[in-house]
Amino acid sequence: MSVVRSFLIAIRALGDFAEKMALTTPQQTATPIDRYSLPDAAGHFGQYGGMYVPETLMTPLFELTKAYEKAQADPKFREELAFMLKQYAGRPTELYFAERLTEHCGGAKIYLKREDGLHTGAHKINNCIGQAILAKRMGKKRIIAETGAGQHGVATAAVCAKFGFECVVYMGAVDMERQALNVFRMRLMGAEVRGVEAGQRTLKDAVNEAMRDWVTNCRDTHYILGSALGSHPYPMMVRDFHKVIGEEAKRQILEAEGRLPDEMIACVGGGSNCIGLFFEFLEDVDVRLVGVEAGGHGIEQGQHAARFEGGKVGVLQGSKTFILQNSDGQIELTHSVSAGLDYAAIGPEHAFYHDRKRIEYAYATDDDVMKAFQVLSRIEGIIPALESTHALAYALKRAPQMDKDQILVVNLSGRGDKDVQQAMKLLGVE
Ligand SMILES: *Cc1c(COP(=O)(O)O)cnc(C)c1O
């Protein structure tokens, strides 16, 4: 009996040890990753991704893929993109050494990649500018988009005003109520915001409606999808438009520290700001990469949006990936304090790097997020978007475990102005 018990205790101790190891040592990949080999021509990242759409959408998707490949090879396209990212969006963004936050944590040096400094308040404008230039080259006159919290809708409305496109943004009726200010912003910039009354009346339903519109109007309409999600070529294209984040960060950290960071952290909704920061570092296997999902009220069915905590492989809105679904394949309800992370599927490229263990995934709960939201505001005078605060909440726990000569880079994907009203309610401020 006692032999069995001590054996069990030994096993448990080994388990604990393994868990600690997973938290403190970089995971090496079995085989080197050639990031430019993905996806394949049909949009596959290993078993993930692809083009799971109705036949009527195959034609516009092929047209888009071809136009995108042609544009990528055209120096004029790249020039216009670089010009717009600089003059309109405000790139490059700073890589900011958060000295007071570093002292507060008492461990690794913390740098923040300041995507919150961009025009319209988040990284999303990178992708919108890229797709708008592409739509112009394709001769499209009309742009449609989906939006959840309204950040992607605002960025889309801005580029449509700038380029003179007609703009329709689909938004769940529930989200329209929650984000009335962003609805007004979009309308002010000339967009038509169409409320969606189907289903849960949130993001997933808005995506369905946008796809329906695109099927009918694809001749003169381009669909600007807002994350590294959906059918090929979107996950690849959206990633490419955001990889400038990591390219800048690499240059900047080498300039500041003369070496690469030990660890990088980004929040993961669909996955665009995260892959945008990480892509340039995928082959640098000594740099640990951690994506942080929404832990919501905790990892219980319907209470969170952490796809790698209980999600299963399936197909949703054009792509094969990890999805929160029940045993019948019905999409589960999700919850997060931040609307931008509140989605049942994750971008297919993340599913691939998850399996390869090149990117590790963690989660932060709403409570952790509301604490970190106040910490950054108080200590650095920077109010972060609640989405980005998930990465920050993880960093606040992680930095003290690291040595003082180690370096941590956190993606501050957006600013928190849009969230202050909600924060007032959550923090019980009158
Ligand atoms: C939309 C949004 C996100 C989540 O989207 P990803 O595609 O996962 O990056 C994260 N941060 C901010 C500030 C956002 O607006």
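Data block above holds the structure.
So, a few notes on the structure that sits alongside this text. (Residues numbered from 1 in each chain as written. Predicted model: local features only at pLDDT ≥ 70, side-chain atom pairs only at ≥ 80, totals over all residues. Heavy atoms only, no water.)

**Structural notes on the packing of aromatic side chains**
- Within the structure shown, the criterion is met by 12 aromatic pairs.
- Pairing Phe 97 with Tyr 111 gives two aromatic rings, centres 5.3 Å apart and planes at 40 degrees, and the pair type is tilted. On the criterion of sequence distance, the pair formed by Phe 97 in strand 3 (residues 95–97) and Tyr 111 in strand 4 (residues 109–114) is long-range, its members being 14 residues apart.
- Of the residues examined, Phe 97 reaches a relative accessible area of 29% and is grouped as partly exposed.
- Aromatic side chains Phe 352 and Tyr 353 sit 5.2 Å apart centroid to centroid with 70 degrees between the ring planes, which places their arrangement in the edge-to-face category. Judged on exposure class, the residue Phe 352 and its partner Tyr 353 are both buried.
- Here a set of aromatic residues connected by ring pairs shows up, and it is made of Tyr 48, Phe 308, Phe 322 and Tyr 361.
- Between the NZ or CZ atom of Lys 109 and the centre of the ring of Phe 97, over which it lies, the distance is 5.1 Å.
- Over the face of the ring belonging to Phe 281 we find Lys 250, whose NZ or CZ atom lies 5.2 Å from the ring centre. (Phe/Tyr/Trp six-rings, centres within 6.5 Å; stacked < 30°, edge-to-face > 60°. Helix = DSSP H or I, 4+ residues; strand = E, 2+ residues; numbered from the N terminus. Buried < 20%, exposed > 50% of the residue type's maximum accessible area, 1.4 Å probe, protein only. Lys NZ or Arg CZ within 6 Å of the ring centre and 35° of its normal.)

**Considerations on the side chain of Asp 342**
- Relative to the assigned elements, Asp 342 resides in the loop between strand 12 (318–323) and helix 13 (348–355).
- The buried charged residue Asp 342 lacks any salt bridge, with Arg 178 as its nearest oppositely charged partner at 5.2 Å.
- At 2.6 Å, the side chain of Asp 342 and the side chain of Thr 334 are in polar contact.
- Look past the residues within four positions of Asp 342 in its chain and what remains in contact with it is Ala 305, Thr 334, His 335 and Ser 336. (Lys, Arg positive; Asp, Glu negative; His and termini not counted. Salt bridge = Lys/Arg side-chain N within 4 Å of Asp/Glu carboxyl O. Polar contact = N/O pair within 3.5 Å; in protein donor to acceptor, adjacent residues only side chain to side chain. Contact = heavy atoms within 4.5 Å.)

**Let's talk about the site of the ligand**
- Surrounding the ligand, one finds 19 residues, the nearest of these being Lys 124, Ser 227, Gly 269, Ser 272 and Ser 413.
- Contact between the ligand and Gly 270: an oxygen atom at 3.2 Å from a main-chain N or O atom of the residue.
- Here an oxygen atom of the ligand and a backbone polar atom of Gly 271 are 2.8 Å apart.
- Summarising the interface, the protein chains cover 96% of the accessible area of the ligand, which totals 380 Å² for the free molecule.
- A majority-of-atoms criterion places the ligand in the largest cavity.
- Secondary-structure elements contributing two or more residues to the shell around the ligand are helix 12 (272–278) and helix 15 (386–398).
- Within the shell around the ligand, the residues separate by chemical class into 5 nonpolar, 12 polar and 2 charged.
- There are two domains that each give the shell around the ligand at least three residues, and those are domain 1 (7–38 + 90–121 + 242–426) and domain 2 (53–86 + 124–237). (Near = heavy atom within 4 Å. Areas by Shrake-Rupley, 256 points an atom, 1.4 Å probe, with all protein chains shown as cover. 1 Å grid on protein atoms, 1.4 Å probe; cavity = no way out; pocket = protein on both sides within 12 Å on 5 of 7 lines; lining within 4 Å. Sits in = over half its atoms within 2 Å of the grid points. Nonpolar A, V, L, I, M, F, W, Y, C, P; charged D, E, K, R; others polar. Domains from an automatic or database assignment.)

**Remarks on the sheet that holds strand 2 (residues 48–52)**
- Pairing is antiparallel in the open sheet, where 4 strands are placed in the order 1-2-12-11. Each of the sheet's edge strands pairs with one partner strand only, and the pair in question is strand 1 (44–45) and strand 11 (312–316).
- Sheet topology note: the strand 1/strand 2 ladder contains 2 bridges and is antiparallel. Its bridge partner lying in strand 2, His 44 is registered against Gly 49.
- Taken strand by strand, helix 13 contacts strand 1, strand 2 and strand 12, and its axis lies near 45 degrees from that of strand 12. (Pairing = 2+ DSSP bridges. Axes fitted to C-alpha atoms, helices over the stretch in contact; angles between N-to-C directions.)

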